[in-house]
Amino acid sequence: MQEIELKFLVPEPRLKGLMRQAQVKSSQLTQLAAHYYDTPDQQLAQAGIGLRIRKEGDSWVQTIKAGGDGIAARLEHNAVLDNEQVQAMLDTNSLMPDLTIYKDTPIAPALSDFKLKKLAKKLTRLYVTDIQRTTRLLVEDNGDQMENSIEIAYDHGEIIHGNDDAQREVIQEIEFELVSGDLDFLFMTAKTWCQRYKLCLSTVTKAERGGLLINGQNHSPAVSADLSQLNIRKKVSMPAFVRAAVHNCLLQILPNSSAIVAGSTDSSHILQLQIGIRRLCAALNAFASFSDEINPDWQPILNQTATLLGDYQELDYLANYIEPKLQEYGAPITNWTTGIDALKIKPIDAISVPDFQLTLLELIAFTMSDPSLEPQNNKLAIDKIIKILSKQYENLLQTNDELGEENNVESDSMDLEDVDLKNIDLEDVDLESTYSNLDTDDQADFELHHLTDLRYITEFCAPLLSKKGSKKRTERQLKYLIKAQKSLDKHHSYAQYQQRYQIKSAVDNNALYGAGWFAALLKKDTKRSDKCLAKVRDRSIFW
């Protein structure tokens, strides 16, 4: 069985209003006590599987969940257990799941990498949950058509460490699960509640939160792009292709945005969210003609969100990474925390706004909609992507010609490890001259934009390009593209940091050291960036 549900975190100021809607006369209140199981090294969690035994009212139910077909979909198998047997095991503290019940069930493929008998011997109870669930059924009568029905469940309670009752974490979330009918009704309802109560999407399951608790972590690590999850077949239609590309971007965006709305200010979550949004915008722009269901309002909202995240991410990176590096080589301390504290919009503010949350919901709905219903379903993506790649490559060459010798670019690498910091002579740097040449240049921004787009578009299209016998050429070009983009990105970051330190020096003389340092780095780095870009520019067409 596959469940389709959307989960949201509930902001405290909106809780009373939300509860008035959740606790109607027909709603039900249930106490849920669940025991979660995994191996000590959490092999199930690493495979995206959750296994529990939970008391639901008067019954005990064993449930396993695994990844489903779609971002909001999960495979689920429930088995009602014998109450007397469960109670007997509870009395002897030996309650354990029975894995044999999954043989020849739809959930079996999710467990195919495990030897069940061996797995059963390793299972242990890692944590428990004590939840009070308020549920109500929302029904839309469609006349002669199938009835649309959604279960709304508000959960409030705790996750408790299996071996230490003192370690607990509060749960306060609401779920919308499609019981029957049309997906559109699920998303329409979720959007209404999201806007009214400022709900924030979360992909973090209770099983994942339990794993974080026992590992002493507040949030899961940042998620980067994973092209191995780009599910594109050779003869994919245009509407199916763009859905697959958007889906792959959301697999990067949603975990990182979930961490931020849960309170993370880690620069890695912010950076990976920015990159995910950048990849998504590249896909939506390049493949806009592939689907009639792409909303042109998505991109402005996505771009605005990425911009709002930018200042915080840059200042945080300066404070927590750049400054310690510079101080290792004798730089005086420059305090960036005051700048961070002065920012009016923090990461959680940028992500929590309804416009962004509603856009995420619409994007999820788009990826789960049926591409075969679109007019262009009979058109193959491969017939169009060659023209798109050619146009993007042409834009890059044209911008590079116009730019001439200047090269200013942006960074998703931001790495000082490969720079010989000790051998930089600050006395050789003409700081004022360097700074005057680092003002933002529109042509340089366009060069970066086109190079980044070409990289991401090529990555999306690569599974189709191999069809024409150009797999090795595509792989080689991607290698050059990625190297050039990272190099130019790094160069642009150094320019941004140099400007930050130069501006800061007006009120803090200590910042002059950082300004000179990055000016020197830029002077050394320019030729390398030019060389990387030249390799991309001089390569023959690879598609």
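Just so it is clear, the structure is predicted and the values come from calculations on it, not from any experiment.

**A look at the overall build of the chain**
Link 1 in the chain: Secondary structure summary: the chain contains 17 helices and nine strands in total.
Link 2 in the chain: Looking at the 543 residues of the chain, the share that counts as buried comes to 50%.
Link 3 in the chain: Long-range pairs, those at least 24 residues apart, make up 78% of the contacts in the chain with a sequence separation of at least 6.
Link 4 in the chain: Per element, the accessible surface of the chain, about 25,800 Å² overall, is 48% carbon and sulfur.

**Describing the pairing of strand S6 (residues 124-140)**
Link 1 in the chain: In this structure, strand S2 (residues 28-38) lies alongside S6, joined through 11 bridges in antiparallel fashion. Its bridge partner lying in S6, Leu 32 is registered against Ile 131.
Link 2 in the chain: Across 14 bridges, the pairing between S6 and strand S7 (residues 148-161) is antiparallel. By the bridge assignment, Tyr 127 is partnered in S7 with His 161.

**Here we look at the nonpolar core**
Link 1 in the chain: Ranked by size, the top nonpolar core spans 114 residues in total, and within it Phe 8, Ile 174, Leu 199, Phe 241 and Phe 287 carry the most contacts.
Link 2 in the chain: The leading source of residues in this core is helix H7 (residues 238-261), at 13 residues.
Link 3 in the chain: Phe 287 has contacts with Phe 241, Val 242, Ile 294, Ile 385, Ile 388, Ile 457, Phe 460 and Cys 461, leaving out every residue within four places of it along the chain.
Link 4 in the chain: Core analysis: the second largest hydrophobic core is formed by 17 residues, Ile 53, Ile 64, Leu 99 and Leu 119 among them.

**Let's talk about the packing of aromatic side chains**
Working definition: an aromatic ring pair is given by the centre-to-centre distance plus the angle between the planes.
Link 1 in the chain: Counting across every chain of the model gives 17 aromatic pairs.
Link 2 in the chain: Aromatic pair Tyr 36 and Tyr 127: ring centres 5.0 Å apart, planes at 20°, arrangement stacked. Highlighted residues: Tyr 36 in strand S2 and Tyr 127 in strand S6, separated in sequence by 91 residues. An identical accessibility class is assigned to Tyr 36 and Tyr 127; each is buried.
Link 3 in the chain: The interplanar angle of 25° and the centroid separation of 6.0 Å between the aromatic rings of Tyr 501 and Phe 518 together place this pair among those described as stacked. In this pair, Tyr 501 sits in helix H16 (residues 471-504) while Phe 518 sits in helix H17 (residues 511-538), placing the two residues 17 residues apart along the sequence.
Link 4 in the chain: By relative accessible area, Tyr 501 is classed as buried at 0%.

**Some words on helix H8 (residues 267-286)**
Link 1 in the chain: Taking 1.5 Å of rise per residue, 20 residues should cover 28 Å, and H8 covers 28 Å from first to last C-alpha, within 8% of that figure.
Link 2 in the chain: Within H8, 17 of the 20 residues are buried, leaving the element largely enclosed by the surrounding structure.

**Quick notes on the packing of H8 against helix H9 (residues 298-328)**
Link 1 in the chain: Direction vectors running N to C along H8 and H9 enclose 150°, while the axes themselves pass 9 Å from each other. Compared by their axis directions, H8 and H9 come out roughly antiparallel. Relative to H9, H8 is oriented so that their crossing is left-handed. Contacts between H8 and H9 pair Ser 267, Ile 270, Leu 271, Leu 273, Gln 274, Ile 277, Leu 280, Cys 281, Leu 284 and Asn 285 from the former with Trp 298, Gln 299, Leu 302, Asn 303, Thr 305, Ala 306, Leu 309, Gly 310, Tyr 312, Gln 313, Asp 316 and Tyr 317 from the latter.
Link 2 in the chain: Among the residues making up the contact of H8 with H9, the classes are represented as 13 nonpolar, eight polar and one charged.

Basis of the calculations
Numbers given for residues are sequential positions, taken from 1 along each chain in its written order. Per-residue local features are limited, in this predicted model, to residues with pLDDT of at least 70; the limit for side-chain atom pairs, both in listing and counting, is 80 or more; totals at the level of whole chains, interfaces and linings are taken over all residues. Derived side-chain values reflect all non-hydrogen atoms in the structure, with water molecules and hydrogen atoms excluded from consideration. Numbered from the N terminus, helices here are DSSP runs of H or I no shorter than four residues, and strands are runs of E no shorter than two. Remark: exposure states derive from per-residue accessible area (1.4 Å probe, protein chains only) relative to the maximum for the residue type, with buried under 20%, exposed over 50%, and partly exposed in between. Any two residues whose heavy atoms approach within 4.5 Å are treated as being in contact. Note on areas: Shrake-Rupley with a 1.4 Å probe; residue coverage comes only from the protein chains shown. When DSSP finds two or more bridges between a pair of strands, those strands are recorded as paired. Definition of nonpolar core: a set of buried residues of the types Ala, Val, Leu, Ile, Met, Phe, Trp, Tyr and Cys, connected through side-chain atoms within 4.5 Å. Stacked, tilted and edge-to-face are the three classes applied to pairs of Phe, Tyr and Trp rings, where Trp contributes its six-membered ring and a pair requires centres within 6.5 Å; stacked means planes under 30 degrees apart, edge-to-face means over 60, and tilted covers the rest. In this analysis, the expected span of each helix is defined as 1.5 Å times one less than the number of residues it contains. The convention used is that axes are lines fitted to C-alpha atoms, helices contributing only their stretch in contact, and that angles between N-to-C directions extend from 0 to 180 degrees. Geometric relationships in this document are graded by angle, where less than 35 degrees denotes roughly parallel, more than 145 denotes roughly antiparallel, 65 to 115 denotes roughly perpendicular, and other angles denote oblique. Crossing chirality is assigned from the near helix's rotation relative to the far helix, an anticlockwise turn below a right angle marking it left-handed and a clockwise turn marking it right-handed. Here the nonpolar group is Ala, Val, Leu, Ile, Met, Phe, Trp, Tyr, Cys and Pro; Asp, Glu, Lys and Arg are the charged ones; every other residue, Gly included, is treated as polar.

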